[in-house]
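# Structure at a glance
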Protein chains: 6
Amino acid sequence: MRVAVFRRAHFNAAHRLHNPNWDEARNREVFGKCNYPNYHGHNYELEVKVTGEVDPDTGYVVDLGWLSKLIETEVEERFDHKNLNIDVPEFQGRLTSAENIAVVIWNLLRAQLHERYDLHVRLYETPRNFVEYPA
Amino acid sequence: MRVAVFRRAHFNAAHRLHNPNWDEARNREVFGKCNYPNYHGHNYELEVKVTGEVDPDTGYVVDLGWLSKLIETEVEERFDHKNLNIDVPEFQGRLTSAENIAVVIWNLLRAQLHERYDLHVRLYETPRNFVEYPA
Amino acid sequence: MRVAVFRRAHFNAAHRLHNPNWDEARNREVFGKCNYPNYHGHNYELEVKVTGEVDPDTGYVVDLGWLSKLIETEVEERFDHKNLNIDVPEFQGRLTSAENIAVVIWNLLRAQLHERYDLHVRLYETPRNFVEYPA
Amino acid sequence: MRVAVFRRAHFNAAHRLHNPNWDEARNREVFGKCNYPNYHGHNYELEVKVTGEVDPDTGYVVDLGWLSKLIETEVEERFDHKNLNIDVPEFQGRLTSAENIAVVIWNLLRAQLHERYDLHVRLYETPRNFVEYPA
Amino acid sequence: MRVAVFRRAHFNAAHRLHNPNWDEARNREVFGKCNYPNYHGHNYELEVKVTGEVDPDTGYVVDLGWLSKLIETEVEERFDHKNLNIDVPEFQGRLTSAENIAVVIWNLLRAQLHERYDLHVRLYETPRNFVEYPA
Amino acid sequence: MRVAVFRRAHFNAAHRLHNPNWDEARNREVFGKCNYPNYHGHNYELEVKVTGEVDPDTGYVVDLGWLSKLIETEVEERFDHKNLNIDVPEFQGRLTSAENIAVVIWNLLRAQLHERYDLHVRLYETPRNFVEYPA
């Protein structure tokens, strides 16, 4: 009896897209407004999906209170009210695209989650743009 | 040409999490506020997904009016404005976690749905906590 | 420069509508499913509106962190994961309709808010049924 | 590192369900209100999912600005503020069910998308009725 | 103790904007895509607000079940799955703008509502465009 | 026949709260995480309300296409993908609180709107924190 459980969380952060191997003209051409020099920001919405067997004693796949706390420690404390490009070591040398943020979050959570669970993350940069990893 | 169709429905119900094999202290430790004795409740949102071939005469996988009626009969009439722990026979001897509610709903609908269709359910306990079965 | 600021919060609670001055038949006739004996429940969404002058030193009408904490202390701790009919003294002798819950919340918050602010509350019982006080 | 990216778009259109091989009574029986002769309409919400590898130079699976423009050219310009039954050649001889609209949209987008990407579409006819293709 | 209660409902309808006193060029210039000849449509969301005193016996301003039924009879049965320009007598000689639809709905409901209540309607043509009457 | 029409728009921006007349300790004490030095950001949602008489020739209070364009020119082009503290002259010497942003937006739009219309703005900093001006 394999069930998937989901928990939503959110963090507010600044970022910009800029590839340091390219000149300004190329950066502006590829990234448009997302390359503006002084950063912009988003209310990121995060959806964490954990799949596993239901424990008959609790009726839980995993305690969502525990999962919520894990997301707080691993994701919100690192990213919330931060500048992803400047403040977050995980993005040194890595573009802060939604795709890359989702992969970084997945790696952070995967390291804390027992291997008997599967893990997927969905990250909304805006209500109309979002990503999932792994696909 | 296999397409999935989704129908959303909802019911309002009271419940609490309590394992009768444990003492009060253990129940409170594991379930926290969800164990409070006099019940709390939720606006449960249900998303039913039926997958199958499109009928060329109707353009339908399944008539959503019929599916809506099925959800009303099998789920809403059993659960809506009820206390899941007390009023619903399907939860005697089974914890009323979102995971278990989703499995019970899937079993009720599966019994009424032709085997040529696949069935999945997603159940929102709150906008931030939800489950899917089968995973 | 008078601005209104809003903060949303939520609590999950059980309740039923029952007028002890009426017999069962009258209760069932007036309140329908909301009168079912073993309670049902809702994810209540609360929207608190505070109106006042903007403080030029902070740019705030009121610190929303403080307001959020006030809602937690005055409303969530009293109502969240509770049975409104049984557990909450404010509803002894008062029907737990959305209208009355909103008035009770307004009274609790008003008592803690400086008189230079105006206060309004909106309470969603479901996404389709909600109330505002004062009107 | 395979990631899925999603872009939401919308169009407002009129339609009706009517099978010309059936008489009026059969059409009304099967399609109910959706068969009313003078059309009704919807705010269709479209969710396009593209799956592929992340480009290390951009952090993108695909430029969402480009994808948004593609949806505008291929879908919105054809369908927005149109009568799907009368104005859109793709629906001549095909019922304008949500299932069929999703398949038509998938075909239009698939023809413009490099084969290294996977493509899925989800189409909301209303917030409570929606479909996905391929399933 | 004056409280406002709200009930949301919805209907799906086709319409177009066209002023018969103007030629085609003027209509197209003023109304743009909304003037396309074969109609388009919307999922209209309606929010009905009734303000009055709370009845101490019920805790209600007005029974929302009754209000919901009234909206069904007066609004949904007239407008749902209809072409507002062709099928609805109230719009003969009147443009089917969101503003006018809101006024028509207000008049229909006002006629059925006791004068001790105030009435306001909000109508969403899309999630981004909506109107309120009276202002 | 006075009707209010609403148009929603959005912009993504970076900001921080910092009062230059205070030392770091006082800023951190009052503004908490919102004072972090390298900025954070939001998906701001803007709701513009214009109240006036319905024009019998168009059924419009104001052409929402025109209003949408006005918001684009006056608000989105100034604020979208910008750092409000650094890039926007209107916030030099003014804290970038939601309250102040709403007042700045109202002033920008008011200057372009005929005096026969009333104007109100609502600004969502997050789905749970928002403001209205004038109150």
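Scroll up a little and you will see the structure.
Residues numbered from 1 in each chain as written. Chains lettered and ligands numbered in written order. Predicted model: local features only at pLDDT ≥ 70, side-chain atom pairs only at ≥ 80, totals over all residues. Heavy atoms only, no water.

Another aspect to go through is the overall build of chain A. A count of helical and extended segments in chain A gives four helices and five strands. Ordered by position from the N terminus, the helices and strands of chain A form the series β-α-β-α-β-α-α-β-β. Taking the principal axes of the C-alpha coordinates as reference, chain A spans close to 60 × 25 × 25 Å. Intrachain contacts of chain A at a sequence separation of at least 6 include 66% that bridge at least 24 residues. Carbon and sulfur atoms provide 47% of the accessible area of chain A, an area that totals close to 5,500 Å². The positive charge centre, built from 16 side chains, and the negative charge centre, built from 21, are 4 Å apart in chain A. (Helix = DSSP H or I, 4+ residues; strand = E, 2+ residues; numbered from the N terminus. Contact = heavy atoms within 4.5 Å. Areas by Shrake-Rupley, 256 points an atom, 1.4 Å probe, with all protein chains shown as cover. Lys, Arg positive; Asp, Glu negative; His and termini not counted. Charge placed at Lys NZ, Arg CZ, Asp CG, Glu CD.)

If you look at the interface, chain B gives 21 residues, while chain C gives 21 residues. Summed over both partners, the interface of chain B with chain C buries about 1,700 Å², with 52% contributed by carbon and sulfur atoms. Considering only the surface of chain B that becomes buried against chain C, Asn38, Asn43 and His81 of chain B emerge as the three largest contributors, covering 35% of it. Viewed at the interface, chain C and chain B are joined by two salt bridges. Across the salt bridge formed by Lys33 of chain C and Asp80 of chain B, the nearest N and O atoms sit 2.5 Å from each other. Taken together, the connections running from chain B to chain C amount to 15 residue pairs in polar contact (both at pLDDT 80 or more). Contributing elements (two or more residues each) for the side of chain B that touches chain C: β1 (2-15), β2 (40-53), β3 (82-83), α3 (84-87) and β4 (118-126) of chain B. (Buried area = accessible area lost by both parts, 1.4 Å probe. Salt bridge = Lys/Arg side-chain N within 4 Å of Asp/Glu carboxyl O. Polar contact = N/O pair within 3.5 Å; in protein donor to acceptor, adjacent residues only side chain to side chain.)

Next up on the list: the relation of the copies chain B and chain C. For the pair chain B and chain C, the superposition axis carries a translation of 0.0 Å, the fit reaches an RMSD of 0.0 Å, and the rotation angle comes to 180°. The transformation relating the two chain copies, once decomposed into turn and shift, fits a two-fold axis. A share of 100% of the interface residues of chain B reappears at the interface of chain C, consistent with the copies meeting face to face through the same patch. (Least-squares fit on C-alpha atoms with pLDDT ≥ 70 in both.)

The side chains of a regular strand alternate between the sheet's two faces. All names here are of chain E. The buried count for strand β4 (residues 118-126) comes to seven of nine residues, which makes it a mostly enclosed element. Bridge count between strand β2 (residues 40-53) and β4: seven bridges; the pairing is antiparallel. Bridge pairing in β4 places Leu46 opposite Leu123. Looking at chain direction, β4 and strand β5 (residues 129-133) are connected through five bridges and run antiparallel. Counterpart to Val121 in the pairing with β5 is Tyr133. Linking β4 to β5, which pair antiparallel, is a turn of two residues. (Buried < 20%, exposed > 50% of the residue type's maximum accessible area, 1.4 Å probe, protein only. Pairing = 2+ DSSP bridges.)

As a further point, take the packing of aromatic side chains. The description of an aromatic ring pair rests on the distance of the ring centres and on the angle between the ring planes. In total, this model carries 48 aromatic pairs over all chains according to the counting rule given. Relative to Phe79 of chain C, the ring of Phe11 of chain C has its centre 5.4 Å away and its plane inclined at 65°; by these criteria the two rings are edge-to-face. Of this pair, Phe11 of chain C sits in strand β1 (residues 2-15) while Phe79 of chain C is found in helix α2 (residues 64-79), placing the two residues 68 residues apart along the sequence. A relative accessible area of 0% places Phe79 of chain C in the buried class. Centre to centre, the rings of Phe79 of chain E and Phe91 of chain E are 5.8 Å apart; their planes meet at 50°, and the pair counts as tilted. Placement of Phe79 of chain E in helix α2 (residues 64-79) and of Phe91 of chain E in the loop between α3 (84-87) and α4 (98-110) is noted, with a sequence separation of twelve residues between them. Here the two residues Phe79 of chain E and Phe91 of chain E agree in accessibility, since each one is buried. One aromatic cluster is present, formed by Phe11, Tyr44, Phe79 and Phe91 of chain A through successive ring pairs. A cation over a ring is seen here: Arg26 of chain D above Trp22 of chain D, with NZ or CZ 4.7 Å from the ring centre. (Phe/Tyr/Trp six-rings, centres within 6.5 Å; stacked < 30°, edge-to-face > 60°. Lys NZ or Arg CZ within 6 Å of the ring centre and 35° of its normal.)

Our next topic: the pattern of salt bridges. One pass over the full model with this rule turns up 60 salt bridges over all chains. Where Glu45 of chain A meets Arg128 of chain B, a salt bridge forms, and the shortest distance between an N and an O atom there is 3.1 Å. Of this pair, Glu45 of chain A sits in strand β2 (residues 40-53) while Arg128 of chain B sits in the loop between β4 and β5 (129-133), which puts the two residues in different chains. With a closest N to O distance of 3.6 Å, Arg8 of chain D and Glu47 of chain D form a salt bridge. One end of the pair, Arg8 of chain D, is in strand β1 (residues 2-15); the other, Glu47 of chain D, is in strand β2 (residues 40-53), with 39 residues separating them in the sequence. Residue Glu47 of chain D is classed as buried on the basis of its relative accessible area of 7%. Each of the salt bridges in this network shares a partner with another, and the network as a whole consists of Arg8, Glu45 and Glu47 of chain A together with Arg128 of chain B.

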